[in-house]
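# Examination of the molecular architecture
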Amino acid sequence: MGFLRALGDTGLTVSALGLGTVKIGRDQGVKYPDAFTIPDDDAVRHLLARARDLGLNLIDTAPAYGRSEERLGQLLSHRDHWVIVTKVGEEFEHGQSRFDFTPEHTRASVERSLRRLNTDYLDVVLVHSDGNDLDVLRQGTLEVLDDLKREGKIRATGVSTKTVEGGLETLRRADVAMVTYNLAQQDEKPVIDYAAEQGKGILIKKAFASGHLPADHPDPVQASLDQVLGTPGVGAVIAGTVNPHHLEENVAKARRACQER
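The text that follows walks through the structure, step by step, so that each part is easy to find. Note that the structure is a prediction, hence the values are computed from the model and not measured. (Residues numbered from 1 in each chain as written. Predicted model: local features only at pLDDT ≥ 70, side-chain atom pairs only at ≥ 80, totals over all residues. Heavy atoms only, no water.)

### Focus on the overall build of the protein
- From N to C terminus, the protein includes nine helices and twelve strands.
- Computed over the C-alpha atoms, the radius of gyration of the protein is 17 Å, within 12% of the 18 Å expected from 2.2 N^0.38 for a compact globule of 261 residues.
- Over its C-alpha atoms, taken along the principal directions, the protein stretches across nearly 50 × 45 × 35 Å.
- Looking at the protein alone, contacts between residues at least 24 apart form 74% of all its contacts between residues at least 6 apart.
- A total accessible area of about 11,100 Å² is found for the protein, and carbon and sulfur atoms account for 45% of it.
- On the protein, the mean spot of the 32 positive side-chain charges and the mean spot of the 39 negative ones are 2 Å from each other. (Helix = DSSP H or I, 4+ residues; strand = E, 2+ residues; numbered from the N terminus. Rg over C-alpha atoms; globule rule 2.2 N^0.38 Å. Contact = heavy atoms within 4.5 Å. Areas by Shrake-Rupley, 256 points an atom, 1.4 Å probe, with all protein chains shown as cover. Lys, Arg positive; Asp, Glu negative; His and termini not counted. Charge placed at Lys NZ, Arg CZ, Asp CG, Glu CD.)

Okay, structure coming up:
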């Protein structure tokens, strides 16, 4: 498996490392071990250009990431280069999350994301689950995303899940599941195995355990990337940073993990 990989049977090719962008839009209610400052426009432009130069083509955002979508719409160039992943279902307002999985909100959210991101189509739209995956899947959200896919506004659909049952049901009904998988958390691996068998797409969140990987490895980030990117079925790891140096380190380690397979 190389650095560029098929995302299941979606027809999308993604870099093994994708750039998560919560930190360009929101600094409240985030669970990172180190404080950070939301970067200014010049810094974001530089970060996006550096990511592209390093071979990344995957970018992850969400309405719940504050101004992330809006800023990407203003600052992201070369739209055709990028595979853009965004989400529906979670809103972050007045310092806290609220969830709305109704069909009406789902369609309105996608239309808003298209405007904010200044694009005619979204490559992947995931339902931002609140943890009650199976209940979320019963609310008609995926059906609306399927309608939008038929309309040409979305290329692939799925759910950012939190349970094995939710991940498996997602892959039975949609194209992509985003699951947690790292050195310390491996209980969702059956979802990855199912995706590998069925040709479905897998994106990995929290591959670095939000900065809380076990410290008993000389290089826990490399160890986690070796494990995650070496697992059949994994398309890409989403890793958020606003530090170009960290980005360069992460890309080098992701490329090393891909070469060793």
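### A look at unusual backbone geometry
- Even without being a glycine, His78 presents a positive backbone phi close to 60°.
- Unusually for a residue other than glycine, Lys206 sits at a positive phi of about 55°.
- As for its position among the elements, Lys206 is in the loop between strand 11 (201-205) and helix 8 (220-229).
- Residue classification places Lys206 among the partly exposed residues on the basis of a relative accessible area of 43%. (Buried < 20%, exposed > 50% of the residue type's maximum accessible area, 1.4 Å probe, protein only.)

### Some details on helix 8
- With seven of ten residues buried, helix 8 is to be regarded as a mostly interior element.
- Listed in full, the buried residues belonging to helix 8 are Gln222, Ala223, Ser224, Leu225, Asp226, Val228 and Leu229.

### Description of the sheet that holds strand 8 (residues 122-128)
- The strand order 3-4-5-8-9-10-11-12 describes a closed barrel built from eight strands, whose pairing is parallel. Averaged over all pairs of adjacent strands, the angle between their axes in this sheet comes to 30°, without regard to strand direction.
- In terms of strand pairing, strand 3 (residues 17-20) meets strand 12 (residues 236-240) through four bridges, oriented parallel. Residue pairing in the sheet places Gly20 in a bridge with Gly240 of strand 12.
- Most of the contacts of helix 3 (residues 103-116) go to strand 5 (residues 83-88), to which it runs at about 145°, and overall it touches strand 5, strand 8 and strand 9 (154-160). (Pairing = 2+ DSSP bridges. Axes fitted to C-alpha atoms, helices over the stretch in contact; angles between N-to-C directions.)

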